[in-house]
Amino acid sequence: MKDPGEYFIEGNIACAEGALRAGCGFYAGYPITPASEVMNHLSKELPKAGGRFVQMEDEIASIASIIGASWTGLKSMTATSGPGFSLMQENLGYAVMTETPCVIVNVQRAGPSTGQATKPGTGDVMQARFGSQGDYEIIAFSPNSAQEMFDFTIRAFNLSEKYRIPTVLLADAGVGHMREKVEIRDEVETVDRRRPEDDEKEFFDTDREDHVPPMPDFGGGEELLVTGSTHLGDGTRDTSSFEAQDRLVRRLVSKIEDNRTEIEDWEEENVEDADLVVISYGSISRPARGAVKKARENGLNVGFFRPKVMWPSPEKRLRDIGENSEVLLAELSLRGYRMEVERAVPSENLHIYDRLNSLPTIDQIYDRIKEVVE
Amino acid sequence: MIKAKEIKEKYIRRHPSPFCPGCGGGMVLNSMSRAVEESEVSKDDIVAVSGIGCAAWIPSPHWRVDTLHTTHGRAIAYATGVKIGNKDLEVMVVSGDGDCAGIGGNHLLHGARNNIDLNVLMINNGLYAMTGGQVAPTTQHDEETLTTPYGNPSSSFEAAEVVKAAGAAHVARWTTYHMKDLIKEVKKAIDTTGFSFIEVLTQCPTRKGKKEEMNGLEMLEWYKENTSKNENTDKIFVGTLSEVDRPELTEEIYKQIEEVGGDLR
């Protein structure tokens, strides 16, 4: 673990350092481009920080073991890319259903399928939200710098612990492999899951306003029933009643929906008076912001909006923007976030700059801005 | 020996039983409970991990310990995280033959290779019972099942032999006919540091018995007649297949943390 200070490191290393600072006690993973550096770094640094590192036989085993380790009371994490993230979907849903905190890093690459392993893409945005079966909500972050790889990894751990939910760091090969200045702060705010008080005996239901029940550890004599089947507050399986399914699934969704103002995060510049707002996220948002800056320097009335948390999506803010101005969505994918933006922005106001394989230049996005404005 | 009533009160959770009449699942539950009772292990330190299928229901919800009832085939992978997460826990895996040797086969191989300190009971009834009796990796050649109406064109997977070859510390095979031997073997598994694998041939009167016109009791009789504790017969061998001393994954990981000066999180 690096001492506090400023470093010139790549995003994946910053992510690993964030995990160390957040208190990660267990990491399991499987090699995959362009995410491997997270694992390579943690294999060396996590044991020194007192955490357990294991390389598993595949990505399914990786996510399974971090869920198992989380129930022993440890903050746990895995990192992968698209092909591995696809394999993890069933067990990601298990973590949602059993309310198991864990962090899944997906350093996205160009898909579908094997695609181009070293090239960036953001085609997994919808998968992060809808990839596992059944109704659920998730929390997913979109970093656009090595610094945010560090910061958002810590926040991913914190929100995961707070809401007892798997959280996804939706990075891409652009930010994962980008090398730039990262400040490792001295003081980092960390959150631990709420353990049960003496009188709390239900670990899978609650009437609390935040909808989050307390979570005990294995080995405490609670005779825990942890199951991916529909269950009652004490963990007892109930695979047939309307009430059990309705109460559980509604609460799982409400955990995110009702706490969304605390979870949502975005940045915006000059949105209020803009004729055109460029919406972008991930590594491509860097040249996109540059293009917006150039447009304003050239007298064009253009704003910039970037979701830092993709899920839950800032849908109300997106709707406000779409009602008041034209929108240009700039993303490293044809279908990444597009449907979500289409849902909020009237089609006559929505313009697209979609790019595959590599980051565009500032001028390429600027030309598209000019085309739309004129 | 502890009385049945005491075992029931101490180890069995009150819950309507999902098992069919004559099923071997309850016998496995009984043998696990008695093995723990006879061991030095505290019930509070046991975590029972299972996947999907009839066998997965043996510990969850029935066994009165911490239980983790996971996805199909992944019990050993989940259990690996539990054991490495807290080495002081005694981790049991109860998995059917399809769960363990079919969809979960890769985790079984690597659990054995890692020689991680788990106690895996593979409850082998030779088919996918919960879904209606389809062919499994453990079904014998030519055997008729729901999905091999003309006989099994494939051949059975000898899981215990494979796990032995992959390097597990302790490998054994018993049947539900051999209750006393099974209890001793589960206790040996608990006492073993390393990957313990016990294949338990278990009767399924509903899916298999009906087809072969045998009830649960007759199936137990079949196990008696067709197994032998002597390796040099044509019968199915029951007993300990292998005991080896190899490095165990969890101990090695914790040793490394200590060696590099990590203060355990």
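Residues numbered from 1 in each chain as written. Chains lettered and ligands numbered in written order. Predicted model: local features only at pLDDT ≥ 70, side-chain atom pairs only at ≥ 80, totals over all residues.

Visitor: Help me out: how do you make sense of the sheet that holds strand S12 (residues 276-280) of chain A in this one?
Guide: Where strands meet in a sheet, backbone hydrogen bonds hold them as pairs that are either parallel or antiparallel. Residue and element names in this part refer to chain A. Judged by pairing direction, the sheet is mixed, and its 5 strands sit side by side in the order S11-S13-S12-S15-S16 without closing on themselves. A strand with exactly one partner marks an edge of an open sheet, and here the two such strands are strand S11 (266-269) and strand S16 (350-354). Adjacent strand axes in the sheet meet at a mean angle of 20 degrees when their direction is disregarded. In terms of strand pairing, S12 meets strand S15 (residues 326-331) through 5 bridges, oriented parallel. (Pairing = 2+ DSSP bridges. Helix = DSSP H or I, 4+ residues; strand = E, 2+ residues; numbered from the N terminus. Axes fitted to C-alpha atoms, helices over the stretch in contact; angles between N-to-C directions.)

Visitor: What's the story with the pairing of S16(A) in this structure? I'm lost.
Guide: It is a general feature of regular strands that their side chains alternate between the two faces of the sheet. Residues and elements named next belong to chain A. The pairing of S15 with S16 spans 5 bridges and is parallel. Residue Ala330 lies in a different strand from S16, and its bridge partner there is Tyr353. Handedness of the crossover joining S15 and S16 through helix H12 (residues 338-344): right-handed. (Right-handed = clockwise from strand over helix to strand, strands pointing away.)

Visitor: Explain unusual backbone geometry to me, please; I cannot follow it from the model alone.
Guide: If a residue is not glycine, its phi is most likely negative; likewise, a peptide bond is most likely trans. Following Trp311(A), the chain continues to Pro312(A) via a peptide bond in cis, the omega torsion being -5 degrees. Cis geometry is adopted by the peptide bond preceding Pro61(B), which originates at Ser60(B) and carries an omega value of 10 degrees. Within the element layout of this structure, Pro61(B) appears in the loop between strand S1 (46-50) and strand S2 (66-69). You will see that Glu223(A), though not glycine, has its phi angle at about 50 degrees, which is positive. Locating Glu223(A) in the fold gives a position in the loop between strand S9 (179-184) and strand S10 (225-227). Residue classification places Glu223(A) among the partly exposed positions, given that 17 C-beta atoms sit within 10 Å. (Buried ≥ 20, exposed ≤ 12 C-beta atoms within 10 Å, placed from the backbone.)

Visitor: Which parts of the structure should I look at to understand the domain arrangement of chain A?
Guide: Size of an interface: often given as the accessible area lost when the parts come together. Residue and element names in this part refer to chain A. Here the domain parsing of chain A yields domain 1 (5-184) and domain 2 (265-373). Placing the centre of domain 1 and that of domain 2 at their C-alpha centroids yields a distance of 26 Å. Facing 23 residues of domain 1, the contacting portion of domain 2 comprises 23 residues. Those elements giving two or more residues to the side of domain 1 that touches domain 2 turn out to be strand S6 (116-120), helix H5 (125-130), strand S7 (139-141), strand S8 (166-172) and helix H7 (173-177). Looking at which element gives the most residues to the side of domain 1 that touches domain 2, the answer is H5, with 4 residues. Classifying every residue of the side of domain 1 that touches domain 2 gives 12 nonpolar, 7 polar and 4 charged. (Domains from an automatic or database assignment. Contact = placed C-beta atoms within 7 Å. Nonpolar A, V, L, I, M, F, W, Y, C, P; charged D, E, K, R; others polar.)

Visitor: So what exactly am I meant to see when it comes to the sheet that holds strand S11 (residues 239-243) of chain B here?
Guide: As summarised here, the arrangement of the 8 strands in space is S10(A)-S2(B)-S1(B)-S3(B)-S4(B)-S8(B)-S7(B)-S11(B), forming an open sheet in which the pairing is mixed. At either margin of the open sheet sits one strand with a lone partner, and together these are S10 of chain A together with S11 of chain B. Taking each pair of neighbouring strands and ignoring which way they run, the sheet shows an average axis angle of 15 degrees. When strand S4 (residues 118-124) of chain B meets strand S8 (residues 196-201) of chain B, the two strands line up parallel, connected through 6 bridges. Bridging across to S8(B), Met122(B) finds its partner in Glu199(B).

Visitor: I tried to follow the environment of Lys43(B) on my own but got confused; where do I start?
Guide: All names here are of chain B. Of note, Lys43 is situated in the loop between helix H2 (25-38) and S1. Residues Lys43 and Val65 lie 22 residues apart in sequence; the distance between their C-alpha atoms is 6.3 Å. The contact partners of Lys43, leaving out residues within four places of it in the chain, are Val36 and Val65.

Visitor: Looking at this model, I keep getting lost on the nonpolar core. Mind explaining?
Guide: The nonpolar side chains of a soluble globular protein tend to be buried with one another. With 181 residues, the main nonpolar core has Val105(A), Val278(A), Val82(B) and Val93(B) as its most contacted residues. The greatest single-element share of this core, amounting to 9 residues, is contributed by helix H6 (residues 146-163) of chain A. Mapping this core onto the domain boundaries places at least three of its residues in each of domain 1 (5-184) and domain 2 (265-373) of chain A. Not counting the four nearest positions on each side in its chain, Val82(B) is found in contact with Gly68(A), Ala69(A), Trp71(A), Thr72(A), Phe218(A), Val47(B), Val49(B), Leu68(B), Leu89(B) and Val91(B). (Core = buried A, V, L, I, M, F, W, Y, C linked by C-beta atoms within 7 Å.)

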